[in-house]
Each structure stands twice: as structure tokens, then as C-alpha cells.
Amino acid sequence: MSSYDDDVQYDRAKEIKKFDDTKLGVKGLLDSGVTKVPKFFIHSQETLQNLPPSSSPCLNVPVIDFKGYDDENDMIRRSNIVREIREASSKWGFFQMVNHGVPISVMDELLNVIREFHEQPSEIKKEWYSRDPKKVRFYCNGDLFVAKAANWRDTISFDFQDGPPHPIPLVCRDGVIKYVEHISKLREKLSELFSEALGLRKDYLSSIEFMKTEALLGHYYPPCPEPELTIGSTKHADPSSLTIVLQDSIGGLQVLHQDQWVDVTPIHGALVANIGDFMQLITNDEFKSVEHRVVARRVGPRASAACFINPSATHRNKQYGPIEAFTSNQSPPKYRKISLNEYLDYYRSKGLDGNKVLSYFRV
């Protein structure tokens, strides 16, 4: 059995490098026979507070039915959907979408190919492992070397900001491209609906190219032998305008609402939308980018896909601040103007330490 904790004098940096050099991630640990969580994956009790059971049975993340949103003969239906988006975005920062137009077969295929990538032979998978910001890469914890503790999760990422990346691993190429094609269409719909939910003309967010590009992360959460010691994803808010999440039936995603952790219960065929930090910034806190996490579990593996919707790639250095519609003498801007690149540089430098990144940019 392999172990990363045998040293009497524990050298954290050495153990992390030893782990990273395997290029096999968390699944590689389990494949090697590890039955204990390595020390650098163990989180503080403060981070692990209220691990399951913790979700309140009285609270449920809103579910919005998008059926009929574009029916020109039923504008009442569209206005109701817009109202539900406004309420969910201002009160929860999270909601689930059903009848959103992405075929369930396409969603199921994506989850399958994410699992297939992570479960293929080690020698094939490790060829994609990288710490460099490539268009397609496999890695374990983007903040592995700066975070206080690592998350029990492996990831393959695809950057679509300049169109489909090339090459994409053959095992998941068709499934990924097909899914992102559908998400791009949904992104355009959501751009209009969010504009209307903010009381703006429906092409407003499109006109500033605020929801223009996608980056897809295929997460793989292996079963954990000691889930009480670690976590799948540390508490965080998202570095995006909007994030669209596809999760399998295992569960584990939780959102912080009214100081309670609430389960985002898996619904087959649903997509989860959560407000990103940039949306909260331009709306001057009208829409909330809320903290969420993924708990580690003995069951699994869990697969999910997070699609980060961001401003246009050509606008990564453009300064964004609260828009005039949400500022006044009585409600001045709460954030200074920042670019997406400035935000991401700070986000990456601090890692997922449980503290909100957006607070750093408050006036």
C-alpha cells in the first residue's frame, strides 16, 4: 500500500510535489491502494464545520421551468420566468433550470465521457496532466501549491474562449463539443433573460459582451475513505459572470443560504445556474454571487461539469464596474472598476481559502 504520510518529520511541500509528480491525481491515490487521506488533503475543523448531515429540510433551491420562455404568443409566461430569475438571483444566487433546451441525452453523454476520461489507463491520462494554462489540461487542484489544504477532486478543463480547443482527448471529444454547442445557445437565451430580470433592455448584456465565452471543467470526485477529514470543493464563489453546472445523481453540491448549508438536490435533466462574482459586481449587489461547496463522500465517483460564462476574450482587460442603473447618491458604487484578468490574477494567487474574492475589490 502506498502512503504519503510515513515521514516522522512531515514535509508538506515535499509531499505535495511527490503527489503532483505522479500526474495521476486523487484517483491515482486510490488506485495505488491508499486507505487514509494524506495530510495535505486534511482540512481544518472550521472548514469542515457542518459537514453532512447539515442541510435544512425546510429550504430548497428554486427550480425554474423554462418551458415557453420564447413563445411570442405567451408573453405572460416569459415575464413569469424573468420574475423567477430575478427573485432567485437576488435571494439565493442559485437556481435549477428544467426544460432549458439542452437534450438530456447530450447531458448524460457528457457525464459519461468525463468519467471515461478520468477512468482510462493512467499512462494515457497523464499525458494531458499540466500545471500550465493550456486550452485543454488534466490536473488536480488548480491551487494545489497555494491552498491550505487540497480538495478531493480531479479535473479536466476545456477553454472555448476562442472556439473549440484542439486537440481534445478522443475519449471525450464528441461529447464535450456537442454539449458546449448547446450551452452556447442556452447562454444567449440567458443573456436576454438576465438583462430583462435586471430591468434592462434584453440585449444589454449582449451589447457589452458580458456573457460571451465558455470554459468547461469536468470534475471527478473519487469515493473518499475518510470524508469527515476532507472536502470535494472548498467553500467559494465563482470567478465568472454566470456558471452553469451539470451534476450526476450522487449529490454533494451545497449552497450557503441564511447561514445554513442547503443541498442542491440532483434532478435528472436539470442544470444548475449560479451567479458569478462579476454579475454581483456590475449589479452592485442586486444579484448575489453566493458561496457553495462540494462535500466528500464514501460513495462515488461523482462527476459534474461546470461551465463558466465570462465576458468576451477580447475584453479581458476591459474595466467593469457597477452599471449606472444600479447606482445613485443613495446607493453609490460598492466596487471599484476591475478587469477580468485583474480579478483572475488575484483569485489564482490566493487559492480557495474560504474567503470571498470579491470583498478585496470593495470600495
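Just so it is clear, the model here is predicted, and its values are computed rather than measured.

1. Focus on the overall build of the protein
Now for step 1: Helix and strand counts for the protein come out as 10 helices and 12 strands.
Now for step 2: Taking 2.2 N^0.38 as the reference for a compact globule, 363 residues should give roughly 21 Å; the C-alpha atoms of the protein span a radius of gyration of 20 Å, in line with that estimate.
Now for step 3: Taken over the C-alpha atoms alone, the protein extends approximately 65 × 45 × 45 Å along its principal axes.
Now for step 4: The buried share of the protein, reckoned over its 363 residues, is 54%.
Now for step 5: Within the protein, residue pairs in contact and separated by at least 24 positions form 79% of the contacts whose partners lie at least 6 positions apart.
Now for step 6: Here the protein carries 46 positive and 49 negative side-chain charges, and the mean point of each set is 2 Å from the other.

2. Structural notes on the sheet that holds strand β9 (residues 260–263)
Now for step 1: Strand order in the open sheet made by the four strands is β6-β11-β8-β9, with antiparallel pairing throughout. With one partner strand each, in any of the chains shown, β6 (233–236) and β9 form the two edges of the open sheet. Ignoring which end each strand starts from, the neighbouring axes of this sheet average 25° apart.
Now for step 2: Inspection of the sheet shows strand β8 (residues 253–257) paired to strand β11 (residues 292–294) by three bridges, in the antiparallel sense. Residue V255 lies in a different strand from β11, and its bridge partner there is H292.

3. Examining the packing of aromatic side chains
Now for step 1: Tallied over the entire structure, the rule returns 16 aromatic pairs.
Now for step 2: Taken together, F210, F278, Y320, Y343, Y346, Y347, Y360 and F361 form an aromatic cluster joined through their ring pairs.
Now for step 3: Looking at R137, its charged tip hangs above the ring of Y139, at a distance of 4.1 Å from the centre.

4. Topic: a negative patch on the surface
Now for step 1: Together, D70, D71, E72 and D74 make up a region of like negative charge exposed at the surface.
Now for step 2: Looking at the element boundaries, D74 is found in the loop between β1 (63–65) and α4 (75–91).
Now for step 3: Judged by relative accessible area, D74 falls into the partly exposed class, the value being 31%.

5. Notes on the UniProt feature "domain: Fe2OG dioxygenase" (unreviewed entry) in the protein
Now for step 1: Mapped onto this structure's residue numbering, the UniProt feature "domain: Fe2OG dioxygenase" (unreviewed entry) falls at residues 212–311.
Now for step 2: As annotated, residues 212–311 comprises 6% helix and 45% strand, and the C-alpha atoms at either end are separated by 5 Å.

6. Some words on helix α5 (residues 104–119)
Now for step 1: When the terminal C-alpha atoms of α5 are compared, their 23 Å separation across 16 residues agrees well with the 22 Å that a helix rising 1.5 Å per residue should span.
Now for step 2: The complete set of buried residues in α5 reads V106, M107, L110, L111, V113, I114, F117 and H118. Looking straight down α5, one finds its buried side chains confined to an arc of 165°; they lie on one side.

7. A short note on the sheet that holds strand β5 (residues 213–221)
Now for step 1: The mixed open sheet is built from eight strands, whose spatial order is β1-β2-β10-β7-β12-β5-β4-β3. The sheet terminates laterally at β1 and β3 (136–139), the two strands that pair on one side only. Within the sheet, the average angular offset between the axes of one strand and its neighbour, ignoring direction, is 25°.
Now for step 2: Relative to strand β10 (residues 271–275), strand β2 (residues 94–98) runs antiparallel, the two being bridged by four bridges. When the sheet's bridge partners are listed, F94 is paired in β10 with N274.
Now for step 3: α4 contacts β1, β2 and β10 of the sheet and is inclined by roughly 160° relative to β1.

8. Looking at the environment of D277
Now for step 1: Counting through the fold element by element, D277 comes out in helix α9 (residues 277–282).
Now for step 2: Residue class for D277 comes out buried when judged on its relative accessible area of 0%.
Now for step 3: C-alpha of D277 to C-alpha of V363: the two residues are 86 residues apart in sequence and 15 Å apart in space.
Now for step 4: Once residues within four sequence positions are removed from consideration, D277 is found in contact with A237, D238, S240, S289, Y343, K356, V357 and L358.

9. Regarding unusual backbone geometry
Now for step 1: Of note, the bond from H166 into P167 is cis; its omega dihedral lies within 30 degrees of zero at -5°.
Now for step 2: Assignment of secondary structure puts P167 in the loop between β4 (154–159) and α7 (173–197).
Now for step 3: Residue P301 follows G300 across a cis peptide bond; omega there is 10°.
Now for step 4: Locating P301 in the fold gives a position in the loop between β11 and β12 (302–310).
Now for step 5: Even without a glycine there, the phi angle at E209 is positive, about 50°.
Now for step 6: Assignment of secondary structure puts E209 in the loop between α8 (204–207) and β5.
Now for step 7: The class of E209 is partly exposed, set by a relative accessible area of 24%.

10. Structural notes on the nonpolar core
Now for step 1: By size, the foremost hydrophobic cluster in this structure holds 83 residues, and its most contacted members are Y179, F194, I244 and L271.
Now for step 2: No other element matches α7, which puts nine residues into this core.
Now for step 3: Those residues in contact with I244, other than ones at most four positions away along the chain, are M97, I183, L186, L190, L271, V272, A305, A306, C307 and I309.
Now for step 4: Counting 17 residues, the second largest nonpolar core, distinct from the first, contains Y139, V245, V290 and V294.

11. Comments concerning the packing of α5 against α7
Now for step 1: Between α5 and α7, the shortest axis-to-axis distance is 9 Å and the interhelical angle comes to 140°. Relative to α7, the element α5 is oriented oblique. Crossing of α5 against α7: the hand is left-handed. Taking contact as the criterion, the partners of V106, M107, E109, L110 and V113 in α5 are, on α7, D174, G175, V176, K178, Y179 and H182.

What counts and what doesn't
Residues numbered from 1 in each chain as written. Predicted model: local features only at pLDDT ≥ 70, side-chain atom pairs only at ≥ 80, totals over all residues. Heavy atoms only, no water. Helix = DSSP H or I, 4+ residues; strand = E, 2+ residues; numbered from the N terminus. Rg over C-alpha atoms; globule rule 2.2 N^0.38 Å. Buried < 20%, exposed > 50% of the residue type's maximum accessible area, 1.4 Å probe, protein only. Contact = heavy atoms within 4.5 Å. Lys, Arg positive; Asp, Glu negative; His and termini not counted. Charge placed at Lys NZ, Arg CZ, Asp CG, Glu CD. Pairing = 2+ DSSP bridges. Axes fitted to C-alpha atoms, helices over the stretch in contact; angles between N-to-C directions. Phe/Tyr/Trp six-rings, centres within 6.5 Å; stacked < 30°, edge-to-face > 60°. Lys NZ or Arg CZ within 6 Å of the ring centre and 35° of its normal. Patch = residues over 30% accessible without salt bridge, like charges linked within 9 Å, V, L, I, M, F, W, Y side chains within 5 Å. Areas by Shrake-Rupley, 256 points an atom, 1.4 Å probe, with all protein chains shown as cover. Salt bridge = Lys/Arg side-chain N within 4 Å of Asp/Glu carboxyl O. UniProt positions renumbered as here; feature names shortened; annotations may be inferred. Expected span 1.5 Å × (residues − 1). Arc of directions from axis to C-beta. Core = buried A, V, L, I, M, F, W, Y, C linked by side-chain atoms within 4.5 Å. Parallel < 35°, antiparallel > 145°, perpendicular 65-115°, else oblique. Left-handed = near helix turned anticlockwise from the far one by under 90°.

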